[in-house]
Amino acid sequence: MGKVKVATDWLAACAGCHMSFLDIDERIVGLLEKIELTATPITDLKHPPEEGVTVGILTGAVNNTTHLEVVKRMRERCKILISLGDCAVFGGIVSMRNFFDLDEALRRAYVETESTVDGQIPCSEELGKPIRVRSVKDVVEVDIHIPGCPPSADTIYYALSELLEGRIPVLTGDNLKYD
Ligand code: SF4
């Protein structure tokens, strides 16, 4: 049997969830005997392969029109979609932007910050347009939710290990404990 293909991507996210994935540490060597990491920020390949992957993992909230495309493409190309981390599961800290007027938020971020000189709000046809922040499940169907900011490496390892055994991971106990 070939390796199980896994793709990951991030939306409006810090790198924390992917760092937590790498915090699996040496256990990742055992995992990589069974899975193939295709497109992911870790391999710096951008899109999941067209022929599809078994597991797709998204971190971060949906924050702009480019994210909408990324989420829909991942959903189309994976059998099992995992929403990883609070931002992906329910919008997390990114969704605080929804409490403000968008123009006001952009002006604050790109023009008015104390460290900014001659700031300018980015404006290019090549850039995604900001939208109201939402979670991944608000855009596409999600199969597995793994909350946490970030979820612990143990929880991520548990979830992937269960999937490799053909089981849907059930998160209880320590896997839902945040110190
Ligand atoms: S859930 Fe936390 S660690 Fe993960 S992307 Fe959001 S802010 Fe970063």
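The sections below set out a description of the structure shown in this document. Treat the numbers as computed from the prediction; the structure is a model and nothing was measured.

**Section: the nonpolar core**
- Ile24, Ile57, Ile82, Leu84 and Ile146 are the most contacted members of the largest nonpolar core, which has 21 residues in total.
- Elements represented by at least two residues in this core include exactly helix H1 (16–22), helix H2 (27–32), strand E2 (35–37), strand E3 (53–59), strand E5 (78–84), strand E7 (144–146) and helix H6 (153–164).
- Looking at which element gives the most residues to this core, the answer is H6, with five residues.
- For Ile82, the contacting residues outside a window of four places in its chain are Val55, Gly56, Ile57, Leu58, Ile144, Ile146 and Leu163.
- Leu58, Met74, Leu81 and Val136 belong to the second-largest nonpolar core, a separate cluster that totals 16 residues.

**Describing a nonpolar patch on the surface**
- A grouping of Ile93, Met96, Phe99 and Phe100 is seen on the molecular surface, where their side chains present a nonpolar patch of about 520 Å² in accessible area.
- By secondary structure assignment, the location of Met96 is in the loop between helix H4 (86–90) and helix H5 (102–112).

**Digging into H6**
- When the terminal C-alpha atoms of H6 are compared, their 16 Å separation across twelve residues agrees well with the 16 Å that a helix rising 1.5 Å per residue should span.
- Three or more residues of H6 are buried, namely Ala153, Thr155, Ile156, Ala159, Leu160, Glu162 and Leu163.
- Looking at the packing, one finds that the buried side of H6 touches H1, H2, E3, E5 and E7.
- Looking at the residues trailing H6, positive phi occurs at Gly166, about 85 degrees.

**A short note on the sheet that holds E3**
- Spatially, E2-E1-E3-E5-E7 is the arrangement adopted by the five strands of the open sheet, whose pairing is parallel. Of all the strands in the sheet, the pair left with one neighbour each is E2 and E7. Direction aside, neighbouring strands of the sheet carry axes that sit 25 degrees apart on average.
- As paired strands, E5 and E7 are joined by three bridges and run parallel to one another.

Criteria and thresholds
Residues numbered from 1 in each chain as written. Predicted model: local features only at pLDDT ≥ 70, side-chain atom pairs only at ≥ 80, totals over all residues. Heavy atoms only, no water. Core = buried A, V, L, I, M, F, W, Y, C linked by side-chain atoms within 4.5 Å. Buried < 20%, exposed > 50% of the residue type's maximum accessible area, 1.4 Å probe, protein only. Helix = DSSP H or I, 4+ residues; strand = E, 2+ residues; numbered from the N terminus. Contact = heavy atoms within 4.5 Å. Patch = residues over 30% accessible without salt bridge, like charges linked within 9 Å, V, L, I, M, F, W, Y side chains within 5 Å. Areas by Shrake-Rupley, 256 points an atom, 1.4 Å probe, with all protein chains shown as cover. Salt bridge = Lys/Arg side-chain N within 4 Å of Asp/Glu carboxyl O. Expected span 1.5 Å × (residues − 1). Pairing = 2+ DSSP bridges. Axes fitted to C-alpha atoms, helices over the stretch in contact; angles between N-to-C directions.

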